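Fold and geometry: a report
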Amino acid sequence: MKTTDKPLLDSNILIYSINGDSPFHGKALDLLVQYTQSGFYVADINLVEFFQVVTDGRKTLHPFSTEQASEYIRKLVRIPQVNVLKTGSFHEILQDEDAHAEIRRLQIKRFAIYDYLIADCMRRHAVKLIITGNARDFRKFSFLDVIDPFTNSLTSDLGTRTSNLNYIPYARQSISEQDVASVCSVLRSDFLTQGPKVPEFEKAIAEYCNAGHAVAVNSGTSALHLACLALGLGPGDTLWTSPITFVASANCALYCGAYVDFVDIDPRTYNLCPLTLEKKLQAAKKNGKLPKVVVPVHFSGQPCDMEAIHNLSREFGFKILEDASHALGARYKNEPVGNCKYSDITVFSFHPVKNITTGEGGMAVTNDQGLAEKMALLRSHGITRDPKLFENERWQMSSVRCQTSDLDPPSFYYEQVYLGFNYRMTDIQAALGLSQLQRLDAFGARRRELAKRHDELLAGLPVITPWQHPDGVSAWHLYVVRLRAAVGKTTHRRIFDAMREQGIGVNLHYIPVHTQPWFRQLGFMPGMFPESEKYYEESITMPLFPAMPEEEQDRVVEALKAALVTEYAE
Ligand SMILES: *Cc1c(COP(=O)(O)O)cnc(C)c1O
């Protein structure tokens, strides 16, 4: 179907009434009229095979087709457009193993399977709110927000709950019932932290990335900090990274008392440019100021040119710490990012906007056992119970000296051998991560699909869509467009404002780190990294997340088109 033929659809609210004689029926009609007039499109639903869910809810002997149902509602409330979301059928459900499992888990009775069909349809279409006289039937579906018009004061409730419904964020997590169940099972178990789930999650990530070791922590930032410490970064040393990154990629150096410096980006990939890096290294070598650690950031999920950076590391003797916060699931030269083939350590973030989430969380992966052990020690106060690492002589622990064996310390004994932190991940988070990881590839496929669709929809507009290096497969954490032609700061800003006003959560990744007050105070100034600063003045991050329906993507593109037309016409 051509996009122009597509009906405008806002499926944010379902107003749902089955029984024509229900006291809710009149209200449902009022709401349809009210919200349609105030600019909402109301999606309704048609259970084609059994009975009709239209606003008067008459059960007909001869069910409507989807189109007939739409027509019927349209006439009933005299609005120009009603879209009917089609549910799955009873037969499909019987054949779908996952759905079956979910129905059993939620203890849904056979007669209530239609409720499941409706709820499942709502979920697939990212419906966020359902107003129904049968609220109780839908409360068991935790992914739906349900308003019962008989127990809530409908208008005030709707006001607060719908004010944000039309807003499309730039990123959003996808939480399944399986995720919820995984977290709940940890809550019912013996361990909320330091139990079996963290090592299980570490093993799963290491296997996914084809890396030797993985150390889970409470954020991507903590992972960066521990990685720097494990690599020996300290006072007097220097770390280099890209200005186009989140501040954490640079702050990790400052935490260690080290200096930070930046390498300007490649204007095609927006990743740290290996040619610029090489020049800067040659100059630094002359001054005796070579960096100890370089942090390539796989911006937006697109891998950096790791082979080139790795070759430079051999020539100039620095360590490589990949900031892959955007890039879990990405591939470089046909292998997973995180295999550390070209680096010492790679870190990931599991913040809710990232490719999978644990709420907050991070992971460092490496093939070096020593580095992994050091990071594991540092994440938990620098404390060890491993006798091989003990430093105290036995005479120093005379009060706990054991008569039976000189070699075995008592079972309660531990030593703090480094100044560590409490950066541990909880089992609650790890359970969520494990469950999310099962869908990472599906998330990635959907992100790629949406990115490709963005490319197509934006073709011909005065914007530059993301250029992809042939060596990599992006994880598509972000989809960034650049305004073509030197449009100037005010245009850039007006386009942002216009889109935000339309409820499109466009964003900007990132404000060049060296221009932040904290870094200016360290001596950095605007003008130092021109490619990054130019990028900053022209870029817009478009919303992109796996659960984004194509209708929402169309709305985003239409809003950008409208804003561009206004700007370029002037
Ligand atoms: C998100 C992010 C981080 C920090 O991760 P947290 O888990 O939020 O601490 C670091 N670097 C980059 C590039 C990121 O996007």
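Here we summarise the structure given alongside this text. (Residues numbered from 1 in each chain as written. Predicted model: local features only at pLDDT ≥ 70, side-chain atom pairs only at ≥ 80, totals over all residues. Heavy atoms only, no water.)

Section: the nonpolar core
The line we're drawing: What is meant by a nonpolar core is a set of buried Ala, Val, Leu, Ile, Met, Phe, Trp, Tyr and Cys residues, joined one to another through side-chain atoms within 4.5 Å. Burial classification: accessible surface area is computed with a 1.4 Å probe over protein chains only, and a residue below 20% of its type maximum counts as buried, one above 50% as exposed, and the rest as partly exposed. In what follows, residue pairs with any heavy atoms lying within 4.5 Å of each other are defined as contacts.
Core analysis: the largest hydrophobic core is formed by 43 residues, its most contacted members being Phe201, Ile205 and Phe350. With residues up to four places along the chain from it excluded, the contact list for Ile205 reads Leu328, Phe350, Met363, Val365 and Leu437. In this structure, Ala223, Leu224, Ala230 and Ala364 belong to the second largest nonpolar core, which totals 35 residues.

Examining the pattern of salt bridges
Threshold: Salt bridges, as used here, are contacts in which a Lys or Arg side-chain nitrogen is within 4 Å of a carboxyl oxygen on Asp or Glu. Strands are runs of DSSP state E lasting at least 2 residues, helices are runs of H or I lasting at least 4, and numbering of each runs from the N terminus.
In the structure shown here, the tally under the stated rule is 20 salt bridges. Of the charged contacts, one joins Asp179 and Arg439 as a salt bridge, the two residues approaching to 2.5 Å between their closest N and O atoms. Highlighted residues: Asp179 in helix α8 (residues 177–187) and Arg439 in the loop between α15 (427–437) and α16 (440–458), separated in sequence by 260 residues. Given a relative accessible area of 24%, Arg439 falls into the partly exposed group. Glu207 is the partner of Lys203 in a salt bridge, and the nearest nitrogen-oxygen pair spans 3.4 Å. Taken together, the residues span about one helical turn, with Lys203 and Glu207 both in helix α9 (residues 197–209) at a distance of four residues. For the pair formed by Lys203 and Glu207, the shared burial category is exposed. Several salt bridges converge on common partners, so that one network encompasses Arg446, Glu449, Arg453, Glu550 and Asp554.

Things to note about the sheet that holds strand β9 (residues 293–295)
Defined as follows: Two strands qualify as a pair provided DSSP detects at least 2 bridges between them. Lines fitted to C-alpha atoms define the axes here, with helix axes fitted over just the stretch in contact, and angles between the N-to-C directions of these axes take values from 0 to 180 degrees.
The mixed open sheet is built from seven strands, whose spatial order is β6-β14-β13-β10-β9-β7-β8. Of all the strands in the sheet, just β6 (213–217) and β8 (259–262) have a single pairing partner and so form its edges. The sheet shows a mean angle of 20° between the axes of neighbouring strands, taken without regard to direction. In this structure, strand β7 (residues 238–241) lies alongside β9, joined through three bridges in parallel fashion. Each residue of the ladder has a partner; that of Thr241, found in β9, is Val295. Here α9 sits on the sheet in contact with β6, β13 (345–349) and β14 (362–366), set at roughly 130° to β6.

A look at unusual backbone geometry
Here the amide bond leading from His509 into Tyr510 is cis, since omega sits at 5°, within 30 degrees of zero. Position of Tyr510 among the secondary structure elements: in the loop between α17 (489–501) and α18 (517–520). Although it is not a glycine, Gln107 adopts a positive phi angle of roughly 55°. Turning to its location among the elements, Gln107 is positioned in the loop between α4 (97–105) and α5 (113–124). Relative accessible area serves as the criterion here: at 64%, Gln107 is assigned to the exposed category. Its identity is not glycine, yet Asn334 carries a phi of approximately 70°, on the positive side. Along the polypeptide, Asn334 turns up in the loop between β11 (331–332) and β12 (335–336). Residue classification places Asn334 among the exposed positions, given a relative accessible area of 65%.

Details of the sheet that holds strand β17 (residues 463–464)
Within the open sheet, the three strands sit side by side as β17-β19-β20. Their pairing is antiparallel. At either margin of the open sheet sits one strand with a lone partner, and together these are β17 and β20 (539–542). The sheet contact formed by β17 and strand β19 (residues 479–483) spans two bridges and is antiparallel. Looking at β19, one finds that Val463 is bridged to Leu483. Running over the sheet, α16 touches β17, β19 and β20 and is turned about 20° from β19.

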